[in-house]
Amino acid sequence: MQQNHEGIISSKAPEPVGLYPHARRIGNLLFLSGVGPRERGTRAIPGVELDPDGKIVSYDIEKQCHSVFNNVKNILEEAGASWNDLIDVTVYLTNMKSDFPIYNRLWAEYFKENPPCRTTVEINCLPTPIAIELKCIAQISDK
């Protein structure tokens, strides 16, 4: 992990697709940039099949959910927080009707106790061929 005046860059999360840090700490609050399910060091997206033009042929929202939750967890841990420190999550889905039931079931598995606040919105696309992105705020505990 690299931390400087420009923010926190995770060594485990996928590289940002633009000029922004993975997170920025202000006091005991940690603000994460939008996090998707891509894998670090590659453009691979778990569960996504693309055509030769880069358009989505099919995708598996369950695989994407597991991957995005893991990416968030990695950023939190490298920044000195944990999954349980999440206090607010905004979730962006590209297909609410089809994907919400699966995502909602997995959310309940990952947050069995004391889940963070949550807002889920449908959008028509994301910057890469993904179906889910999370925007998170966590509170870092003084230990």
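Treat the numbers as computed from the prediction; the structure is a model and nothing was measured.

Cut-offs used in this document
- Residues numbered from 1 in each chain as written.
- Predicted model: local features only at pLDDT ≥ 70, side-chain atom pairs only at ≥ 80, totals over all residues.
- Heavy atoms only, no water.
- Salt bridge = Lys/Arg side-chain N within 4 Å of Asp/Glu carboxyl O.
- Helix = DSSP H or I, 4+ residues; strand = E, 2+ residues; numbered from the N terminus.
- Buried < 20%, exposed > 50% of the residue type's maximum accessible area, 1.4 Å probe, protein only.
- Core = buried A, V, L, I, M, F, W, Y, C linked by side-chain atoms within 4.5 Å.
- Expected span 1.5 Å × (residues − 1).
- Arc of directions from axis to C-beta.
- Contact = heavy atoms within 4.5 Å.

Enquirer: Got a minute to help me understand the pattern of salt bridges in this structure?
Expert: Per the stated rule, a full pass over the model turns up four salt bridges. With a closest N to O distance of 3.9 Å, R40 and E15 form a salt bridge. Of the two residues, R40 is situated in the loop between β4 (29-32) and β5 (48-50) and E15 in the loop between β2 (7-9) and β3 (23-26); the sequence distance between them amounts to 25 residues. Judged by its relative accessible area of 30%, E15 falls in the partly exposed class. Where K73 meets E77, a salt bridge forms, and the shortest distance between an N and an O atom there is 3.1 Å. Of this pair, K73 and E77 are both found in helix α1 (residues 61-78), four residues apart, which corresponds to roughly one turn of the helix. Residue class for K73 comes out partly exposed when judged on its relative accessible area of 34%. Assessed through its relative accessible area of 39%, E77 is described here as partly exposed. Connected via shared salt-bridge partners are E62, R105 and E109.

Enquirer: Help me understand the nonpolar core in this model?
Expert: Soluble globular proteins tend to pack their nonpolar side chains together in the buried interior. In this structure, L30, L32, V72, L76, L86, I132 and L134 are the most contacted members of the largest nonpolar core, which totals 30 residues. Of all elements in the fold, only β4, α1, β7 (86-93), α2 (96-110) and β9 (132-139) reach the threshold of two or more residues within this core. Examining the composition of this core, we find that seven residues originate from one element, α1, more than from any other.

Enquirer: Which parts of the structure should I look at to understand α2?
Expert: Every α-helix winds through 3.6 residues per turn, so residues three or four apart in the chain are directed the same way. Between its first and last C-alpha, α2 extends 19 Å over 15 residues, near the 21 Å set by a 1.5 Å rise per residue. Where α2 is concerned, the buried positions are D99, Y103, L106 and W107. Looking down the long axis of α2, one finds its buried residues gathered within 110° of arc, a one-sided arrangement. The secondary structure elements touched by the buried residues of α2 are β6 (56-59), α1, β7, β8 (117-122) and β9.

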